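Summary of the model geometry
Below, each chain spelled out in residue letters.
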Amino acid sequence: MKGTISLPDVTFRIHKAVALDIINGRVYSAVAHMNGDVDYIGYKDGAIRFISILENVLDEITDSARRYGA
């Protein structure tokens, strides 16, 4: 698809330390979100729909880091 990309309806914010805790398996991504460590700005329904995608991405990073010893 060609054309301009519109601004996102939802912007997620996560601190580096929290992301590293998730990647290193010290915190589950869903727990971090429930604790308010993963924040978002914008359309709430869009954020709720995207949370599972965000969790999957963070979980994949965690799996890759463990697999390759990072």
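Right, let's walk through the structure included here. (Residues numbered from 1 in each chain as written. Predicted model: local features only at pLDDT ≥ 70, side-chain atom pairs only at ≥ 80, totals over all residues. Heavy atoms only, no water.)

**Side note on helix α1 (residues 16-23)**
Working note: α-helix, 3.6 residues per turn, so residues spaced by three or four point in the same direction. Taken together, the buried positions of α1 are occupied by V18, A19, I22 and I23. Across the axial projection of α1, the buried residues extend over an arc of 140°, all falling on one side. Exposed and facing more than 90 degrees away from the buried side of α1 are K16 and A17. Among the structural elements, β1 (10-14), α2 (29-34) and α3 (44-67) are those in contact with the buried residues of α1. Immediately beyond the C-terminal end of α1, within one or two residues, lies G25, with a positive phi of roughly 80°. (Buried < 20%, exposed > 50% of the residue type's maximum accessible area, 1.4 Å probe, protein only. Helix = DSSP H or I, 4+ residues; strand = E, 2+ residues; numbered from the N terminus. Arc of directions from axis to C-beta. Contact = heavy atoms within 4.5 Å.)

**Here's the deal with α3**
In a regular helix each residue adds 1.5 Å, so 24 residues correspond to 34 Å; α3 covers 34 Å between its end C-alpha atoms and thus fits that length. Approximately 35° is the largest bend angle found in α3, and it occurs at F50. Listed as buried for α3 are G46, A47, I51, L58, T62 and A65. One or two positions beyond α3, positive phi appears at G69, with a value near 70°. (Expected span 1.5 Å × (residues − 1). Bend = angle between axes of the 7 residues up to and from the residue.)

**Quick look at the nonpolar core**
In this structure, V18, I22, A32, V38 and L58 together form the largest nonpolar core, which totals 5 residues. If we ignore the near neighbours within four places in the chain, the residues touching A32 are V18, I22, V27, D37 and V38. (Core = buried A, V, L, I, M, F, W, Y, C linked by side-chain atoms within 4.5 Å.)

**Some remarks on a nonpolar patch on the surface**
On the surface, F50, I53, V57 and I61 cluster together to form a nonpolar patch covering roughly 320 Å² of accessible area. Turning to its location among the elements, V57 is positioned in helix α3. Take V57: its relative accessible area is 43%, and that puts it in the partly exposed class. (Patch = residues over 30% accessible without salt bridge, like charges linked within 9 Å, V, L, I, M, F, W, Y side chains within 5 Å. Areas by Shrake-Rupley, 256 points an atom, 1.4 Å probe, with all protein chains shown as cover. Salt bridge = Lys/Arg side-chain N within 4 Å of Asp/Glu carboxyl O.)

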